[in-house]
Amino acid sequence: MTISPESPATPTESDEGTPLSPGAQVGIAVFVLLVLGFSAAMLLSSPAFKPSLATVSIAALDRPAEQPVALAANARVGFGLRLGAYSYAGPDYVVIRVELLRAGAVVAQMRCRAFDFEGSAGGGTAVTSYNSDCQMTVPAGGADRVRAVASQEGAGALTVSDVTLPVYAP
C-alpha cells in the first residue's frame, strides 16, 4: 500500500471576502474620522461638559433661592435643572423663573420649561435637563446675583428633592 501525501484542496470559496481597493479604504477611513469628529464636537458642545459658573440650590418648589455670581455684560448664560430624586403621576412640567440682579435690583428675567415629565407615572434619581430655551443675555452693566424659583406647571402629582439650578456659559 502506498500512502501519498495529501495535496491541499483547491480553494473554491474565500472566507476573507472581497478585498477593498486602496481608494475605498481611504474613503472609509475618512468617513469614520468625520463621524467620530462630529460626535466629539456634539458631546463637547453639550452643556453637560461646560464649566458651571454657579449652582443655585433650591430648597423646594415655589421657594425662591439666590446665589452670588459675577456675570459680565452681554454674556450669554444658560440654566439647567438637576433633580436628586423625583416621582410623578400624570404629565407635568417644572418651570423655572430666573432673575438676574445687580445691587439688589432686577436687571433681566426669563421663564422656561426646564423639565418635562411625560407618560402616566414614573420616577428616578440624579437627572439633569438642559433646555436651549433656558438661556438669556446679561444686560449692559452685568449682574452680581441670580435669583431662581422652580415651580410645577400641570395637574399631575409631582414630588422632587435636591433641586439645583446649574448656571453655565453656553
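Here the structure is a predicted model, which is why all the values come from computation and not from measurement.

### A closer look at the pattern of salt bridges
Enumeration over the complete set of coordinates arrives at five salt bridges. We note a salt bridge from E66 to R145, for which the minimum N-O separation is 2.8 Å. Separated by 79 residues along the polypeptide, E66 in strand β2 (residues 65-71) and R145 in strand β7 (residues 143-153) bring together distant segments of the chain. A salt bridge links E153 to R113; its shortest N-O distance comes to 3.1 Å. Here E153, found in strand β7, pairs with R113, found in strand β5 (residues 105-117); they are 40 residues apart in sequence, far enough to count as distant. Judged by its relative accessible area of 24%, E153 is partly exposed. Judged by relative accessible area, which is 36%, R113 ranks as partly exposed.

### Some points on a nonpolar patch on the surface
Together, L20, I28, F31 and V32 line one region of the surface with nonpolar side chains, adding up to about 390 Å² of accessible area. With respect to the element layout, V32 can be found in helix α1 (residues 22-45). Residue V32 is classed as partly exposed on the basis of its relative accessible area of 40%.

### Focus: the environment of L100
Its location among the elements puts L100 in strand β4 (residues 92-102). The exposure class of L100 is buried, given its relative accessible area of 0%. Spatially, the C-alpha atoms of L100 and M136 are 9.7 Å apart, while their sequence positions differ by 36 residues. When neighbours within four sequence positions are excluded, L100 is seen to be in contact with L71, F79, A105, V106, V107, A108, M136, V138, P139, A143, R145 and V146.

### Thoughts on the side chain of S151
With respect to the element layout, S151 can be found in strand β7. At 2.8 Å, the side chain of S151 and the side chain of R97 are in polar contact. If we skip the residues at most four places from it in the chain, S151 touches L61, D62, Y93, V94, V95 and R97.

What counts, and where the lines are drawn
- Residues numbered from 1 in each chain as written.
- Predicted model: local features only at pLDDT ≥ 70, side-chain atom pairs only at ≥ 80, totals over all residues.
- Heavy atoms only, no water.
- Salt bridge = Lys/Arg side-chain N within 4 Å of Asp/Glu carboxyl O.
- Helix = DSSP H or I, 4+ residues; strand = E, 2+ residues; numbered from the N terminus.
- Buried < 20%, exposed > 50% of the residue type's maximum accessible area, 1.4 Å probe, protein only.
- Patch = residues over 30% accessible without salt bridge, like charges linked within 9 Å, V, L, I, M, F, W, Y side chains within 5 Å.
- Areas by Shrake-Rupley, 256 points an atom, 1.4 Å probe, with all protein chains shown as cover.
- Contact = heavy atoms within 4.5 Å.
- Polar contact = N/O pair within 3.5 Å; in protein donor to acceptor, adjacent residues only side chain to side chain.

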